[in-house]
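Coordinates in review
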Amino acid sequence: MSEERLRLGGMALRNGLLVHGPTSWAAAARAPEGTIRVASGEKPTFPGPAASMPLLRGPLRLAEGFAFIPLARRRLPAARLPFEDRRVAVITLAATVASAALRRGRIPVALRESLAAGLGLLPALVALRGSDLAAYHGVEHKSIGAYERGLEDATEAAKEHERCGSHLVAPMLALSLAGQLIVERLVERPGRLARGVAALASVSGAVELFVWSERHPDHPVARAFRRPGTEIQRVLATREPTPAQLEVGNAALEEILRVEGVKA
């Protein structure tokens, strides 16, 4: 057993928490009857030279972060994913249709892409509203943050975290808008391939900025990079959890440490 602190990531569930470490994932969820169900497994990885190449490693890391979600859902039937809701499904479909209609229109590119980006955020806003998802997002940050700082009580940790994916929102929107504007300038009639390349580049650039800001946390650019995401977390994306919700987070944390072979 090692005393070193793992680098952990996570995702809030509607009724629990999904955590992943270097090799494994673990999840805990509050079942309808009130008990806490726990499951874990090996995390899929995408090895190869592309995994260490700038601009390609970002999308691969994101893909790895999502690859085990279906496995966790199957292994833990009690878990409810963030977008596992009828309202969210309807809004997602409506936003997709509206975005496609916008791109077929003749409105200015900047306005069109800004409206499309706003539509893309709607499902997340609906998922956070009127559910426990924001509170379990707070559980994610407090549980992982307490572990990283060696705190015995997760209530002492902040509900905002410097590695939250919310820090990608603003740069991805800005880079996506810039990429589509460049495509419009360079390609007379841009198709799906050109727009897809621009979208992939925006994701890659945002992830590279994210990694750089984590390595240089005190740099003014890094602080500016994190500021929008921190405000998103503080105002909208997280809520202070209840003791019962933190109990679920502790169960997920204990399980990931167990399967990774590390002491709490």
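These remarks concern the structure in this document. Keep in mind that what you see is a predicted model, and the values were worked out from it rather than measured. (Residues numbered from 1 in each chain as written. Predicted model: local features only at pLDDT ≥ 70, side-chain atom pairs only at ≥ 80, totals over all residues. Heavy atoms only, no water.)

What follows covers the pattern of salt bridges. Counted under the stated rule, the structure contains 16 salt bridges. In this structure, E214 and R7 form a salt bridge, with 2.5 Å as the shortest nitrogen-oxygen distance. On the criterion of sequence distance, the pair formed by E214 in helix α7 (residues 192-215) and R7 in the segment before β1 (9-12) is long-range, its members being 207 residues apart. With relative accessibility at 30%, the residue E214 sits in the partly exposed group. (Salt bridge = Lys/Arg side-chain N within 4 Å of Asp/Glu carboxyl O. Helix = DSSP H or I, 4+ residues; strand = E, 2+ residues; numbered from the N terminus. Buried < 20%, exposed > 50% of the residue type's maximum accessible area, 1.4 Å probe, protein only.)

What follows concerns helix α4 (residues 109-128). For α4, which comprises 20 residues, the first-to-last C-alpha distance of 29 Å matches the rise-based estimate of 28 Å (1.5 Å per residue) to within 8%. Of all bends in α4, the biggest is about 30 degrees, found at L122, and the proline P123 comes one to four residues later. Along α4, the residues that are buried comprise V109, R112, E113, A116, L119, P123, V126, A127 and L128. The inward-facing, buried residues of α4 contact α3 (86-104), α5 (133-149), α6 (169-186), α7 and α8 (220-237). Taken from the residues just after α4, G130 is the one with a positive phi, measuring 70 degrees. (Expected span 1.5 Å × (residues − 1). Bend = angle between axes of the 7 residues up to and from the residue. Contact = heavy atoms within 4.5 Å.)

Sheet topology note: the strand β3 (residues 24-30)/strand β4 (residues 36-42) ladder contains seven bridges and is antiparallel. Its bridge partner lying in β4, W25 is registered against G41. Between β3 and β4, which pair antiparallel in sequence order, lie five residues; one of them, G34, sits at a positive phi of approximately 105 degrees. (Pairing = 2+ DSSP bridges.)

Think of a pair of aromatic rings as described by two things: how far the centres are apart, and how the planes are tilted against each other in angle. Counted under the stated rule, the structure contains zero aromatic pairs. Over the aromatic face of Y147 sits the side chain of R5, whose NZ or CZ is 4.8 Å from the ring centroid. (Phe/Tyr/Trp six-rings, centres within 6.5 Å; stacked < 30°, edge-to-face > 60°. Lys NZ or Arg CZ within 6 Å of the ring centre and 35° of its normal.)

Here we take up a nonpolar patch on the surface. Residues L121, L122, L125, L173, V235 and L236 make up a contiguous nonpolar surface patch of roughly 460 Å² in combined accessible area. Here the nonpolar patch takes three residues from α4, the largest share from any one element. L125 sits in the partly exposed class, given a relative accessible area of 36%. (Patch = residues over 30% accessible without salt bridge, like charges linked within 9 Å, V, L, I, M, F, W, Y side chains within 5 Å. Areas by Shrake-Rupley, 256 points an atom, 1.4 Å probe, with all protein chains shown as cover.)

With that settled, consider the sheet that holds β1. The antiparallel open sheet is built from four strands, whose spatial order is β1-β2-β3-β4. The sheet is open, and its two borders are formed by β1 and β4, each paired with just one other strand. Recorded for the sheet is a direction-independent mean angle of 15 degrees between the axes of neighbouring strands. Bridge count between β1 and strand β2 (residues 16-20): four bridges; the pairing is antiparallel. Each residue of the ladder has a partner; that of G9, found in β2, is H20. Against the sheet, α5 contacts β1, β2 and β3, and its axis sits at roughly 160 degrees relative to β1. (Axes fitted to C-alpha atoms, helices over the stretch in contact; angles between N-to-C directions.)

Before going further, it helps to spend a moment on α6. The end-to-end C-alpha distance of α6, which contains 18 residues, comes to 26 Å, matching closely the 26 Å that a straight helix rising 1.5 Å per residue would cover. Of the surrounding elements, those touching the buried residues of α6 are α4, α7 and α8.

What follows covers the nonpolar core. In this structure, L6, L8, V19, Y147, L253, I256 and L257 are the most contacted members of the largest nonpolar core, which totals 29 residues. Mapped by element, the contributors of at least two residues to this core are β2, β3, α4, α5 and α9 (243-260). Those residues in contact with L6, other than ones at most four positions away along the chain, are P22, Y147, L257, E260 and V262. Grouped together as the second largest cluster of nonpolar side chains are twelve residues, L13, A29, I69 and L76 included. (Core = buried A, V, L, I, M, F, W, Y, C linked by side-chain atoms within 4.5 Å.)

Interaxial distance between α3 and α4 falls to 9 Å at its minimum, and their mutual angle equals 175 degrees. By the angle between their directions, the pair α3 and α4 is classed as roughly antiparallel. Of α4, the residues touching α3 (which contributes R87, V88, I91, T92, A95, A98, S99, L102 and R103) are R112, E113, L115, A116, L119, L122, P123, V126 and A127. Here the residues of the contact of α3 with α4 sort into twelve nonpolar, two polar and four charged. (Parallel < 35°, antiparallel > 145°, perpendicular 65-115°, else oblique. Nonpolar A, V, L, I, M, F, W, Y, C, P; charged D, E, K, R; others polar.)

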